[in-house]
Amino acid sequence: MSAKSETAQLFKDGLAVRRAVLGADYVDGSIAKANDFTMAFQHITTEWCWGYAWTRDGLSRKTRSMLNLAMLTALNRSAEIKLHVKGALANGVTVEEIKEVLLHATVYCGIPAGLDAFKAANQVLEEEGAYEKAAAKAAKKKVTAKKAAAKKLAAAKPAEVEAAAAKAPAKKAAAKKAAKK
């Protein structure tokens, strides 16, 4: 394969990943706005960042998104953090994971960089409705767990039900005691 065809393949593969992560509207808009001068940047970004690094097998897209958020925090690049928070959500990174990545990066990168990262991420999470989606997902998970417990209880033998009921007050008291500590 010639160098030119390898580069063309990197661009093709990179464009597909870039669109999947950042959204086709954003990517296609960036390329459409490029002039002769800035198109060189579009090529290097699409070929090397997205075509080479993001298509490798060693890390999942979710992991790459979390790494990007940490590195962009270190570089104090709020505009890119906003873009990559959207991408992280598209790659399955949860609101809780985004928060933990930014907290971890803040410890190593400093409070000012962390503050800017949190502000940028929060803006995107609000705009994308991510907090509401996370709350709905948690509520659904809770309902599913309750249904599973009820199903298990319904399938249990009467003696097992009595034993579980007898343990319930003791478990509740132990939980209260642990919470007070």
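Up top is the structure these notes are about.
Cut-off values and rules
Residues numbered from 1 in each chain as written. Predicted model: local features only at pLDDT ≥ 70, side-chain atom pairs only at ≥ 80, totals over all residues. Heavy atoms only, no water. 1 Å grid on protein atoms, 1.4 Å probe; cavity = no way out; pocket = protein on both sides within 12 Å on 5 of 7 lines; lining within 4 Å. Points joined across faces, edges and corners; volume = space filled by probe spheres on them. Helix = DSSP H or I, 4+ residues; strand = E, 2+ residues; numbered from the N terminus. Nonpolar A, V, L, I, M, F, W, Y, C, P; charged D, E, K, R; others polar. Expected span 1.5 Å × (residues − 1). Contact = heavy atoms within 4.5 Å. Core = buried A, V, L, I, M, F, W, Y, C linked by side-chain atoms within 4.5 Å. Buried < 20%, exposed > 50% of the residue type's maximum accessible area, 1.4 Å probe, protein only. Lys, Arg positive; Asp, Glu negative; His and termini not counted. Salt bridge = Lys/Arg side-chain N within 4 Å of Asp/Glu carboxyl O. Axes fitted to C-alpha atoms, helices over the stretch in contact; angles between N-to-C directions. Parallel < 35°, antiparallel > 145°, perpendicular 65-115°, else oblique. Left-handed = near helix turned anticlockwise from the far one by under 90°. Patch = residues over 30% accessible without salt bridge, like charges linked within 9 Å, V, L, I, M, F, W, Y side chains within 5 Å. Areas by Shrake-Rupley, 256 points an atom, 1.4 Å probe, with all protein chains shown as cover.

Visitor: Honestly, the layout of surface pockets in this entry has me stumped. Any pointers?
Guide: Vacant regions in the atomic arrangement are exposed by a probe of water-molecule size rolled over the atoms. Considering only enclosed or pocket space, the largest pocket measures out at about 440 Å³ in volume. The wall of the largest pocket is formed by 21 residues, among which T94, V95, E96, A130 and A134 lie closest to the centre. Sorting the residues of the lining of the largest pocket by element identifies α6 (95–109), α7 (111–127) and α8 (130–155) as the ones contributing at least two each. The leading source of residues in the lining of the largest pocket is α8, at 7 residues. The residue makeup of the lining of the largest pocket, split by class, is 12 nonpolar, 3 polar and 6 charged. Approximately 340 Å³ is the volume found for the second largest pocket. Lining the second largest pocket are 16 residues, with T45, C49, W50, E80 and H84 sitting closest to its centre. Those elements that provide at least two residues to the lining of the second largest pocket are α1 (3–22), α2 (24–33), α3 (36–53), α4 (61–75) and α5 (78–90). Residue contributions to the lining of the second largest pocket peak at 5 residues, all from α3. Considering only residue class, the lining of the second largest pocket consists of 9 nonpolar, 5 polar and 2 charged.

Visitor: For this particular structure, what's the right way to read α6?
Guide: Residues spaced three or four apart along an α-helix face the same direction, because each turn holds 3.6 residues. The terminal C-alpha atoms of α6, which comprises 15 residues, lie 20 Å apart, in line with the 21 Å expected from a rise of 1.5 Å per residue. Buried residues in α6 make contact with α4, α5, α7 and α8. At the exit of α6 stands G110, carrying a positive phi of roughly 105°.

Visitor: Can you walk me through the nonpolar core in this structure?
Guide: Burial of nonpolar side chains together is a common tendency in soluble globular proteins. L69, I81, V85, I98, L102 and L125 are the most contacted members of the largest nonpolar core, which has 16 residues in total. Broken down by element, the residue count for this core peaks at 5 residues, all from α7. Residues contacting I81, with those up to four places away along its chain left out, are L69, L72, T73, A117, A120 and A121. F11, V27, W50 and L83 belong to the second largest nonpolar core, which has 9 residues in total.

Visitor: Explanation requested: the side chain of R64 in the structure shown.
Guide: For R64, the location among the structural elements is in helix α4. For the buried R64, which has no salt bridge, the nearest side chain bearing the opposite charge is D57, at an N-O separation of 7.2 Å. Those residues in contact with R64 that lie beyond four places of it in its chain are A53, W54, R56, D57, G58 and L59.

Visitor: Can you walk me through the environment of A88 in this structure?
Guide: Residue placement: A88 occurs in helix α5. Expressed as a C-alpha distance, the spacing of A88 and K62, which sit 26 residues apart in the sequence, is 6.5 Å. Not counting residues up to four positions away in its chain, the partners in contact with A88 are S65, L69, V93 and I98.

Visitor: It is not clear to me how the packing of α6 against α7 should be interpreted in this structure. Could you clarify?
Guide: How two helices sit against one another is set out by the angle between their axes and by the gap between those axes. It is at 8 Å that the axes of α6 and α7 come closest, and there the two elements cross at 165°. Comparing their axes, α7 and α6 come out roughly antiparallel. As α6 packs across α7, the resulting crossing turns out to be right-handed. Two secondary-structure elements touch here, α6 through V95, I98, K99, L102, L103, T106 and C109 and α7 through I111, A113, G114, A117, F118, A121 and L125. When the residues that make up the contact of α6 with α7 are grouped by side-chain class, the tally is 11 nonpolar, 2 polar and 1 charged.

Visitor: I would appreciate a short explanation of a nonpolar patch on the surface in the present structure.
Guide: Residues F41, I44, W48 and Y52 make up a contiguous nonpolar surface patch of about 460 Å² in total accessible area. By the element assignment, W48 lies in helix α3.

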